[in-house]
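Residues per chain are reported as follows:
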Amino acid sequence: MHDVVRLATRGLGRTSPNPPVGCVILGSDGDVAGRGWHRGAGRPHAEIVALGEAGTRACGGTAIVTLEPCSRTGRTGPCTEALIAAGLRRVVYALDDPLEGGAGAGRLAAAGIEVSKHRVASAAAVTGPWIHAVRTGRPFVTYKVAATFDGRVGAADGTSKWITSAQARNDAHRLRRRVDAVMVGVGTVLADDPALTARTSSGKLCGPQPLRVVLDRSGRTPRTARLVTDGYPTLIITCGDGPQEGYRSAVQRAVVPETDFLDHALALLFTRGLRHILLEGGPTIAGALLQAGHIGRIELYQGGGVLGGAAVPLLRGCPPGATLTDLRRLTLEAVRRVGTDVRLTLTPQVGTPQVGTPQGPA
(Lines give C-alpha, C1' and ligand atoms only; values in the text may rest on other atoms or scores of the structure.)
Protein backbone atom coordinates (compact mmCIF):
# COMPACT_ATOMS: atom_id res chain seq x y z
CA MET A 1 0.00 0.00 0.00
CA HIS A 2 2.87 2.41 0.70
CA ASP A 3 4.14 1.84 -2.86
CA VAL A 4 0.65 2.63 -4.16
CA VAL A 5 0.58 5.85 -2.13
CA ARG A 6 3.86 6.89 -3.71
CA LEU A 7 2.22 6.48 -7.11
CA ALA A 8 -0.66 8.69 -5.98
CA THR A 9 1.72 11.49 -5.00
CA ARG A 10 2.73 11.85 -8.65
CA GLY A 11 -0.67 13.37 -9.34
CA LEU A 12 -0.57 15.97 -6.55
CA GLY A 13 -1.31 19.45 -7.87
CA ARG A 14 -2.59 18.07 -11.20
CA THR A 15 -5.79 16.11 -10.60
CA SER A 16 -8.30 18.55 -9.09
CA PRO A 17 -11.23 18.53 -8.90
CA ASN A 18 -10.51 14.79 -8.87
CA PRO A 19 -8.45 13.09 -6.15
CA PRO A 20 -4.84 11.91 -6.45
CA VAL A 21 -5.06 8.11 -6.64
CA GLY A 22 -2.55 5.32 -7.14
CA CYS A 23 -3.15 1.68 -8.08
CA VAL A 24 -1.11 -1.50 -8.43
CA ILE A 25 -2.42 -4.69 -10.01
CA LEU A 26 -0.93 -7.97 -8.80
CA GLY A 27 -1.30 -11.00 -11.04
CA SER A 28 -2.58 -14.31 -9.74
CA ASP A 29 1.05 -15.23 -9.02
CA GLY A 30 1.43 -12.25 -6.68
CA ASP A 31 3.84 -10.36 -8.92
CA VAL A 32 3.23 -6.78 -10.02
CA ALA A 33 1.41 -6.79 -13.35
CA GLY A 34 0.49 -3.11 -13.70
CA ARG A 35 0.87 0.28 -12.08
CA GLY A 36 -1.07 3.48 -12.55
CA TRP A 37 -1.92 6.88 -11.12
CA HIS A 38 -4.46 9.52 -12.02
CA ARG A 39 -2.84 12.21 -14.14
CA GLY A 40 -5.67 14.72 -14.34
CA ALA A 41 -9.41 15.33 -14.51
CA GLY A 42 -10.90 13.81 -17.64
CA ARG A 43 -8.00 11.39 -18.04
CA PRO A 44 -8.16 7.67 -17.14
CA HIS A 45 -8.36 6.88 -13.44
CA ALA A 46 -5.51 5.07 -11.72
CA GLU A 47 -7.27 1.70 -11.87
CA ILE A 48 -7.81 1.97 -15.62
CA VAL A 49 -4.17 2.84 -16.24
CA ALA A 50 -2.96 -0.07 -14.09
CA LEU A 51 -5.39 -2.50 -15.75
CA GLY A 52 -4.21 -1.37 -19.18
CA GLU A 53 -0.63 -2.15 -18.25
CA ALA A 54 -1.55 -5.49 -16.66
CA GLY A 55 -3.64 -6.75 -19.55
CA THR A 56 -4.76 -10.37 -19.19
CA ARG A 57 -2.44 -10.83 -16.19
CA ALA A 58 -5.05 -9.02 -14.08
CA CYS A 59 -7.43 -12.01 -14.27
CA GLY A 60 -7.52 -13.76 -10.90
CA GLY A 61 -5.30 -11.08 -9.37
CA THR A 62 -5.54 -8.30 -6.81
CA ALA A 63 -5.97 -4.53 -7.17
CA ILE A 64 -4.44 -2.36 -4.47
CA VAL A 65 -5.70 1.23 -4.62
CA THR A 66 -5.52 4.27 -2.36
CA LEU A 67 -9.19 5.23 -2.69
CA GLU A 68 -12.40 3.21 -2.93
CA PRO A 69 -13.01 2.57 -6.66
CA CYS A 70 -15.76 4.70 -8.17
CA SER A 71 -19.06 3.24 -9.36
CA ARG A 72 -20.36 6.43 -10.95
CA THR A 73 -19.92 7.84 -14.43
CA GLY A 74 -18.39 11.28 -14.79
CA ARG A 75 -16.02 12.28 -17.57
CA THR A 76 -14.81 8.68 -17.50
CA GLY A 77 -16.59 5.39 -16.87
CA PRO A 78 -16.89 3.65 -13.49
CA CYS A 79 -13.73 1.87 -12.34
CA THR A 80 -15.75 -0.83 -10.61
CA GLU A 81 -17.03 -2.15 -13.93
CA ALA A 82 -13.52 -2.24 -15.40
CA LEU A 83 -12.22 -4.15 -12.36
CA ILE A 84 -15.09 -6.64 -12.60
CA ALA A 85 -14.59 -7.11 -16.34
CA ALA A 86 -10.88 -7.78 -15.81
CA GLY A 87 -11.71 -10.79 -13.65
CA LEU A 88 -10.00 -9.62 -10.48
CA ARG A 89 -10.32 -11.84 -7.41
CA ARG A 90 -9.62 -9.20 -4.75
CA VAL A 91 -9.59 -5.41 -4.26
CA VAL A 92 -7.85 -3.70 -1.33
CA TYR A 93 -8.26 0.05 -0.79
CA ALA A 94 -7.01 2.49 1.85
CA LEU A 95 -9.68 5.21 2.11
CA ASP A 96 -13.44 5.47 1.70
CA ASP A 97 -14.59 7.79 -1.08
CA PRO A 98 -17.15 10.21 0.46
CA LEU A 99 -18.79 10.61 -2.94
CA GLU A 100 -19.35 6.85 -3.11
CA GLY A 101 -20.70 6.23 0.38
CA GLY A 102 -19.67 2.59 0.08
CA ALA A 103 -21.34 2.09 -3.30
CA GLY A 104 -18.04 1.27 -5.03
CA ALA A 105 -17.06 -1.39 -2.51
CA GLY A 106 -20.62 -2.72 -2.52
CA ARG A 107 -20.71 -3.07 -6.30
CA LEU A 108 -17.46 -5.04 -6.29
CA ALA A 109 -18.65 -7.32 -3.49
CA ALA A 110 -21.94 -7.95 -5.28
CA ALA A 111 -19.93 -9.14 -8.29
CA GLY A 112 -18.16 -11.72 -6.12
CA ILE A 113 -14.90 -9.83 -5.62
CA GLU A 114 -13.29 -9.99 -2.17
CA VAL A 115 -13.10 -6.40 -0.89
CA SER A 116 -11.12 -5.20 2.13
CA LYS A 117 -9.86 -1.90 3.51
CA HIS A 118 -6.30 -1.34 4.68
CA ARG A 119 -5.94 2.21 5.97
CA VAL A 120 -2.47 3.74 6.17
CA ALA A 121 -1.58 7.21 7.42
CA SER A 122 0.39 8.04 4.28
CA ALA A 123 -2.72 7.59 2.12
CA ALA A 124 -4.68 9.96 4.35
CA ALA A 125 -1.88 12.54 4.10
CA VAL A 126 -2.02 12.46 0.28
CA THR A 127 -5.76 12.16 -0.39
CA GLY A 128 -7.08 13.57 2.90
CA PRO A 129 -7.17 17.18 1.64
CA TRP A 130 -9.43 16.15 -1.26
CA ILE A 131 -11.71 14.20 1.10
CA HIS A 132 -11.94 17.23 3.40
CA ALA A 133 -12.84 19.45 0.44
CA VAL A 134 -15.68 17.31 -0.90
CA ARG A 135 -17.11 16.87 2.59
CA THR A 136 -17.11 20.56 3.47
CA GLY A 137 -17.39 22.36 0.14
CA ARG A 138 -14.23 24.30 1.04
CA PRO A 139 -10.65 23.61 -0.08
CA PHE A 140 -8.24 22.15 2.44
CA VAL A 141 -5.82 24.89 3.58
CA THR A 142 -2.18 24.23 4.46
CA TYR A 143 -0.44 27.19 6.10
CA LYS A 144 3.23 27.39 5.12
CA VAL A 145 5.31 29.83 7.13
CA ALA A 146 8.94 30.53 7.98
CA ALA A 147 9.63 31.89 11.46
CA THR A 148 12.51 32.64 13.79
CA PHE A 149 13.15 30.72 17.00
CA ASP A 150 11.02 33.27 18.87
CA GLY A 151 8.10 33.00 16.42
CA ARG A 152 8.67 36.09 14.26
CA VAL A 153 8.04 36.18 10.53
CA GLY A 154 9.57 39.58 9.82
CA ALA A 155 11.54 42.42 11.34
CA ALA A 156 9.99 45.59 12.70
CA ASP A 157 10.71 47.37 9.39
CA GLY A 158 8.81 44.67 7.47
CA THR A 159 11.83 42.87 5.99
CA SER A 160 11.60 39.07 6.00
CA LYS A 161 14.16 37.78 3.47
CA TRP A 162 15.53 35.46 4.50
CA ILE A 163 14.63 33.89 7.82
CA THR A 164 15.38 30.34 6.73
CA SER A 165 18.00 28.63 4.59
CA ALA A 166 18.02 28.09 0.83
CA GLN A 167 17.34 24.39 1.46
CA ALA A 168 14.16 25.26 3.38
CA ARG A 169 13.00 27.59 0.62
CA ASN A 170 13.60 24.89 -2.00
CA ASP A 171 11.61 22.47 0.11
CA ALA A 172 8.75 25.00 0.25
CA HIS A 173 8.76 25.20 -3.55
CA ARG A 174 8.08 21.47 -3.62
CA LEU A 175 5.00 22.16 -1.51
CA ARG A 176 3.82 24.64 -4.14
CA ARG A 177 4.07 21.99 -6.83
CA ARG A 178 1.73 19.71 -4.87
CA VAL A 179 -1.24 22.08 -4.43
CA ASP A 180 -3.84 23.68 -6.67
CA ALA A 181 -3.26 27.28 -5.61
CA VAL A 182 -1.01 29.50 -3.50
CA MET A 183 -2.90 32.13 -1.52
CA VAL A 184 -1.85 35.35 0.20
CA GLY A 185 -3.49 38.46 1.55
CA VAL A 186 -3.00 41.78 -0.18
CA GLY A 187 -0.73 42.86 2.69
CA THR A 188 1.84 40.30 1.60
CA VAL A 189 1.61 41.53 -1.99
CA LEU A 190 2.22 45.12 -0.88
CA ALA A 191 5.07 44.21 1.48
CA ASP A 192 6.97 41.58 -0.50
CA ASP A 193 5.76 41.69 -4.13
CA PRO A 194 6.03 37.86 -4.29
CA ALA A 195 5.96 35.80 -7.49
CA LEU A 196 4.38 32.75 -5.78
CA THR A 197 5.56 30.50 -8.61
CA ALA A 198 7.01 27.01 -8.16
CA ARG A 199 10.70 27.07 -8.98
CA THR A 200 13.75 24.84 -8.85
CA SER A 201 16.82 25.51 -6.70
CA SER A 202 18.33 27.40 -9.66
CA GLY A 203 15.30 29.68 -9.87
CA LYS A 204 13.78 28.16 -13.00
CA LEU A 205 10.03 27.62 -13.22
CA CYS A 206 9.16 24.00 -12.59
CA GLY A 207 6.16 22.22 -14.13
CA PRO A 208 2.55 23.46 -14.21
CA GLN A 209 2.17 26.53 -12.03
CA PRO A 210 -0.39 26.73 -9.23
CA LEU A 211 -3.02 29.44 -9.45
CA ARG A 212 -2.04 32.53 -7.40
CA VAL A 213 -4.90 33.80 -5.23
CA VAL A 214 -4.93 37.22 -3.56
CA LEU A 215 -7.47 37.99 -0.84
CA ASP A 216 -7.99 41.72 -1.32
CA ARG A 217 -11.18 43.11 0.21
CA SER A 218 -10.71 46.69 -1.01
CA GLY A 219 -8.94 46.22 -4.36
CA ARG A 220 -5.45 47.41 -3.36
CA THR A 221 -3.43 44.97 -5.49
CA PRO A 222 -1.05 47.12 -7.60
CA ARG A 223 -1.23 46.80 -11.37
CA THR A 224 2.58 46.62 -11.27
CA ALA A 225 2.77 43.65 -8.88
CA ARG A 226 4.76 40.70 -10.20
CA LEU A 227 1.86 38.28 -9.96
CA VAL A 228 -0.17 40.70 -12.07
CA THR A 229 2.42 41.35 -14.78
CA ASP A 230 4.24 38.03 -15.27
CA GLY A 231 1.52 36.39 -17.38
CA TYR A 232 0.77 33.42 -15.12
CA PRO A 233 -2.80 32.92 -13.84
CA THR A 234 -3.83 35.01 -10.84
CA LEU A 235 -7.20 35.37 -9.15
CA ILE A 236 -7.94 38.44 -7.03
CA ILE A 237 -10.89 38.03 -4.68
CA THR A 238 -12.39 41.29 -3.50
CA CYS A 239 -15.57 42.77 -2.03
CA GLY A 240 -16.10 45.76 -4.28
CA ASP A 241 -16.58 46.23 -7.98
CA GLY A 242 -13.65 48.60 -8.37
CA PRO A 243 -11.87 49.49 -11.63
CA GLN A 244 -10.70 46.49 -13.66
CA GLU A 245 -8.54 48.28 -16.19
CA GLY A 246 -4.77 47.79 -16.00
CA TYR A 247 -4.90 44.06 -15.33
CA ARG A 248 -3.49 41.64 -17.87
CA SER A 249 -5.58 38.89 -19.42
CA ALA A 250 -4.15 36.23 -17.08
CA VAL A 251 -5.57 38.10 -14.08
CA GLN A 252 -9.15 37.44 -13.05
CA ARG A 253 -11.20 39.24 -10.43
CA ALA A 254 -14.04 37.76 -8.40
CA VAL A 255 -16.36 39.61 -6.02
CA VAL A 256 -17.75 37.99 -2.87
CA PRO A 257 -19.79 39.48 0.00
CA GLU A 258 -17.83 41.31 2.68
CA THR A 259 -19.75 39.51 5.42
CA ASP A 260 -17.97 36.19 6.09
CA PHE A 261 -15.46 37.19 3.42
CA LEU A 262 -13.04 34.34 4.08
CA ASP A 263 -15.70 31.64 4.00
CA HIS A 264 -17.20 33.04 0.81
CA ALA A 265 -13.73 33.20 -0.75
CA LEU A 266 -13.02 29.56 0.07
CA ALA A 267 -16.44 28.51 -1.23
CA LEU A 268 -15.69 30.32 -4.48
CA LEU A 269 -12.36 28.52 -4.83
CA PHE A 270 -14.12 25.19 -4.33
CA THR A 271 -16.61 25.95 -7.10
CA ARG A 272 -13.64 26.65 -9.38
CA GLY A 273 -12.36 23.12 -8.83
CA LEU A 274 -9.63 23.87 -6.28
CA ARG A 275 -9.27 21.30 -3.52
CA HIS A 276 -5.96 22.09 -1.78
CA ILE A 277 -4.67 25.61 -1.09
CA LEU A 278 -1.24 26.60 0.22
CA LEU A 279 -1.53 29.72 2.36
CA GLU A 280 1.70 31.70 2.45
CA GLY A 281 0.84 34.66 4.61
CA GLY A 282 0.77 36.89 6.25
CA PRO A 283 0.08 36.75 9.98
CA THR A 284 -3.24 38.64 9.83
CA ILE A 285 -4.90 36.43 7.21
CA ALA A 286 -3.39 33.31 8.80
CA GLY A 287 -4.70 34.28 12.22
CA ALA A 288 -8.17 34.92 10.82
CA LEU A 289 -8.29 31.61 8.96
CA LEU A 290 -7.00 29.69 11.97
CA GLN A 291 -9.52 31.40 14.25
CA ALA A 292 -12.32 30.51 11.81
CA GLY A 293 -11.21 26.86 11.72
CA HIS A 294 -10.20 26.86 8.06
CA ILE A 295 -6.57 25.77 8.43
CA GLY A 296 -6.14 22.01 8.35
CA ARG A 297 -2.35 21.72 8.38
CA ILE A 298 0.62 23.92 9.26
CA GLU A 299 4.07 23.54 7.73
CA LEU A 300 6.36 25.62 9.93
CA TYR A 301 9.95 26.16 8.84
CA GLN A 302 11.72 27.32 11.98
CA GLY A 303 15.08 29.03 11.77
CA GLY A 304 17.58 29.54 14.54
CA GLY A 305 17.56 33.34 14.62
CA VAL A 306 15.92 35.67 17.16
CA LEU A 307 14.31 39.04 16.33
CA GLY A 308 12.24 39.89 19.43
CA GLY A 309 11.00 43.39 20.19
CA ALA A 310 8.53 44.85 17.73
CA ALA A 311 9.16 42.18 15.07
CA VAL A 312 6.18 40.74 13.18
CA PRO A 313 4.54 37.83 15.08
CA LEU A 314 3.65 34.47 13.57
CA LEU A 315 -0.09 35.12 13.93
CA ARG A 316 -2.32 38.13 14.48
CA GLY A 317 -5.99 38.33 15.39
CA CYS A 318 -6.35 35.23 17.55
CA PRO A 319 -8.01 36.11 20.89
CA PRO A 320 -5.43 36.09 23.70
CA GLY A 321 -5.69 33.38 26.31
CA ALA A 322 -6.09 34.66 29.86
CA THR A 323 -4.86 31.43 31.41
CA LEU A 324 -3.18 28.19 30.39
CA THR A 325 -6.54 26.47 30.08
CA ASP A 326 -7.14 28.75 27.06
CA LEU A 327 -4.16 27.20 25.26
CA ARG A 328 -5.03 26.25 21.69
CA ARG A 329 -3.23 23.00 21.10
CA LEU A 330 -1.73 21.70 17.88
CA THR A 331 -0.79 18.10 17.19
CA LEU A 332 2.81 17.61 16.07
CA GLU A 333 2.66 15.18 13.15
CA ALA A 334 6.24 15.21 11.89
CA VAL A 335 9.64 16.83 12.46
CA ARG A 336 12.34 16.99 9.80
CA ARG A 337 15.61 18.85 9.52
CA VAL A 338 15.94 20.88 6.32
CA GLY A 339 19.34 22.49 5.91
CA THR A 340 20.01 24.52 9.03
CA ASP A 341 16.28 24.72 9.85
CA VAL A 342 13.56 22.44 11.17
CA ARG A 343 10.28 21.72 9.38
CA LEU A 344 7.40 21.04 11.76
CA THR A 345 4.14 19.61 10.47
CA LEU A 346 1.22 20.36 12.80
CA THR A 347 -2.54 20.00 12.72
CA PRO A 348 -5.05 22.00 14.81
CA GLN A 349 -6.86 19.92 17.40
CA VAL A 350 -9.89 22.20 17.56
CA GLY A 351 -11.70 24.64 15.32
CA THR A 352 -11.70 22.47 12.19
CA PRO A 353 -14.63 22.98 9.80
CA GLN A 354 -17.69 20.84 10.36
CA VAL A 355 -18.12 17.88 8.03
CA GLY A 356 -21.13 18.35 5.79
CA THR A 357 -22.76 16.71 2.80
CA PRO A 358 -20.24 15.44 0.23
CA GLN A 359 -19.93 17.74 -2.76
CA GLY A 360 -18.00 17.73 -6.00
CA PRO A 361 -17.74 16.18 -9.45
CA ALA A 362 -16.88 12.57 -10.19
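Here we summarise the structure given alongside this text. Sequence positions are assigned chain by chain, starting from 1 and proceeding in written order. Only residues with pLDDT of at least 70 get local features here, since the model is predicted, and only at 80 or more are side-chain atom pairs given and counted; chain-wide, interface and lining totals rely on the full set of residues. As a rule here, side-chain values come from all non-hydrogen atoms in the structure, and water together with hydrogens is ignored.

With that out of the way, let us pick up the sheet that holds strand E16 (residues 341–348). One open sheet holds the nine strands; their spatial order is E11-E10-E9-E8-E12-E6-E13-E16-E15, and the pairing between them is mixed. Of all strands in the sheet, those bounded by a partner on one side alone are strand E11 (251–255) and strand E15 (330–338). Pairwise comparison of adjacent strand axes, ignoring direction, gives a mean angle of 20° for this sheet. In this analysis, strands are considered paired if DSSP registers two or more bridges between them. A run of H or I in DSSP becomes a helix once it reaches four residues, and a run of E becomes a strand once it reaches two; helices and strands are each numbered from the N terminus. Sheet analysis places strand E8 (residues 181–185) next to strand E9 (residues 211–215), joined by five bridges and oriented parallel. Across the sheet, residue Val184 finds its bridge partner in E9, namely Val214. Orientation is described by axes fitted as lines to C-alpha atoms, over the contacting stretch for helices, and by angles from 0 to 180 degrees between their N-to-C directions.

Let us look at unusual backbone geometry. Between Ser16 and the following residue, Pro17, the backbone shows a cis peptide bond with an omega angle of 10°. Positive phi, close to 45°, is recorded for Asp193, a residue that is not glycine. Locating Asp193 in the fold gives a position in the loop between helix H7 (186–192) and E9. Within the chain, Asp260 stands out as a residue other than glycine whose phi angle is a positive 55°. Tracing the sequence through the fold places Asp260 in the loop between E11 and helix H9 (261–271).

As a further point, take empty space enclosed by the protein. Think of a 1 Å grid over just the protein atoms. A cavity is a set of points where a 1.4 Å probe fits yet cannot get out, a pocket is an open set with protein on both sides within 12 Å along at least five of seven lines, and lining residues have an atom within 4 Å of a point. Grid points are joined across faces, edges and corners, and a volume is the space filled by probe spheres set on the points. Taken as a whole and judged by the stated rule, the model has three cavities of 30 Å³ or more. As a volume, the largest cavity reaches approximately 140 Å³. Around the largest cavity, the lining is made up of 16 residues, and of these Pro19, Val21, His45, Leu67 and Cys70 lie nearest the centre. The residue makeup of the lining of the largest cavity, split by class, is nine nonpolar, three polar and four charged. Of the pockets and cavities examined, the second largest cavity occupies roughly 110 Å³. Surrounding the second largest cavity, 14 residues form its lining, Leu12, Ser16, Pro20, Asp180 and His276 being those nearest its centre. Counting residues per element, the lining of the second largest cavity draws most heavily on helix H5 (residues 121–136), at three residues. The classification used treats Ala, Val, Leu, Ile, Met, Phe, Trp, Tyr, Cys and Pro as nonpolar, Asp, Glu, Lys and Arg as charged, and all other residues, Gly among them, as polar. The residue makeup of the lining of the second largest cavity, split by class, is five nonpolar, six polar and three charged.

All right, on to H5 then. By this rule, a helix spans an expected 1.5 Å times one less than how many residues it contains. Between its first and last C-alpha, H5 extends 21 Å over 16 residues, near the 22 Å set by a 1.5 Å rise per residue. Along its length, H5 shows its largest kink, about 55°, at Thr127, and proline Pro129 lies within four residues downstream of that point. Under the scheme applied here, a residue whose accessible area is under 20% of the maximum for its type counts as buried, over 50% as exposed, and between as partly exposed, the area being computed with a 1.4 Å probe on protein chains only. Within H5 the residues assigned to the buried category are Ala123, Val126, Thr127, Pro129, Trp130, Ile131, His132, Ala133, Val134 and Thr136. Once H5 finishes, Gly137 follows within two positions and takes phi at roughly 75°, a positive value. Take the seven residues that end at a residue and the seven that start at it, fit an axis to each, and the angle between those axes is the bend at that residue.

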